[in-house]
Amino acid sequence: MPTEATTLDLDLARQVLAAQPFARLVGTELTEFGEGGATLVIEIQPEHGQQFGFVHGGVLAYAADNALTFAAGTVLGPNVLTGGFTITYLRPAQGERLRIHATVLGATRRQAVTHCDVYAEIDGEEPVLCAVAQGTTRRVEKDLERAAAEADTDDTEFDDEQDDQDDFVTDQLAIVTPAREEALPPTVSR
């Protein structure tokens, strides 16, 4: 059953972000949202670092992924999932905060292509572009909020009949899960 795109505003988008446990863990804040764009801010903490003291690439990738998807949500509505994205790291990120700004490059009724710039900032200094990303976000035909609630109440082991991924269908992509009985191709060893 298709879900109609619902218009999001900054307040509702902030509620969506607040519902993401990982976003709360990282300390992500949504500062701008609307008209094909979104900006996230993350205050850099020691826990965000890697062994050389720079912000870990995984934090940058998470931030880009989330910003790309929020930007797409401005044109597609709240029932969106990342279809895929690429990120290019330009220089190490360090400073006081990350500012991640994404914009929609183009969109259809069901998918959007977005671009993202990730900056490291220190008050009083010019922001440093650390990474760029581009991705595709798709509107899904499933009520994700209901699916998440059902998943929270389901305490059983994985059940192939309950696999919600089989229901995610868009105009460009159908996720197909192979039957478990199918044999994997043989491996080659030397």
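These numbers come from a predicted model, not from an experiment.

Novice: So what's going on with the environment of D65? Residues and values would help.
Specialist: Within the secondary structure layout, D65 lies in helix 3 (residues 57-76). Other than its neighbours up to four places away in sequence, D65 contacts T82 and F85.

Novice: Run through the pattern of salt bridges, naming residues and quoting values.
Specialist: What the rule picks out here adds up to six salt bridges. A salt bridge links D123 to R97, with the shortest nitrogen-to-oxygen separation between them at 2.8 Å. One end of the pair, D123, is in the loop between strand 5 (111-121) and strand 6 (128-139); the other, R97, is in strand 4 (residues 97-107), and 26 residues separate them in sequence. Overall, D123 belongs to the exposed group, its relative accessible area being 53%. The buried category is assigned to R97, whose relative accessible area is 12%. For E121, the salt bridge goes to R99, with nearest N and O atoms at 2.9 Å. A residue pair is termed long-range when its members are at least 10 positions apart, and E121 in strand 5 and R99 in strand 4 qualify at 22 residues. Bridged by salt links that share partners, the residues E43, E96, R97, R99, E121 and D123 form one connected network.

Novice: Describe the environment of L90, and please don't skip the residues or the numbers.
Specialist: Mapped onto the elements, L90 comes out in the loop between strand 3 (80-89) and strand 4. Excluding its chain neighbours within four sequence positions, the residues that come into contact with L90 are L129, C130, A131 and V132.

Novice: Give a description of unusual backbone geometry that names residues and reports values.
Specialist: Backbone geometry places E35, a non-glycine residue, at a positive phi of 50°. Its location among the elements puts E35 in the loop between strand 1 (28-34) and strand 2 (37-43).

Novice: For the pairing of strand 2, give the residues involved together with the corresponding values.
Specialist: Within a regular strand, the side chains alternate between the two sheet faces. Counting buried positions over the seven residues of strand 2 gives six, a clear majority of the element. Looking at chain direction, strand 1 and strand 2 are connected through six bridges and run antiparallel. Bridging across to strand 2, F33 finds its partner in A38. Where strand 1 hands over to strand 2, the hairpin turn is made up of two residues, of which E35 adopts a positive phi near 50°. As paired elements, strand 2 and strand 4 share seven bridges and run antiparallel to each other. In the sheet register, L40 faces strand 4, and the bridge partner there is I100.

Calculation notes
- Residues numbered from 1 in each chain as written.
- Predicted model: local features only at pLDDT ≥ 70, side-chain atom pairs only at ≥ 80, totals over all residues.
- Heavy atoms only, no water.
- Helix = DSSP H or I, 4+ residues; strand = E, 2+ residues; numbered from the N terminus.
- Contact = heavy atoms within 4.5 Å.
- Salt bridge = Lys/Arg side-chain N within 4 Å of Asp/Glu carboxyl O.
- Buried < 20%, exposed > 50% of the residue type's maximum accessible area, 1.4 Å probe, protein only.
- Pairing = 2+ DSSP bridges.

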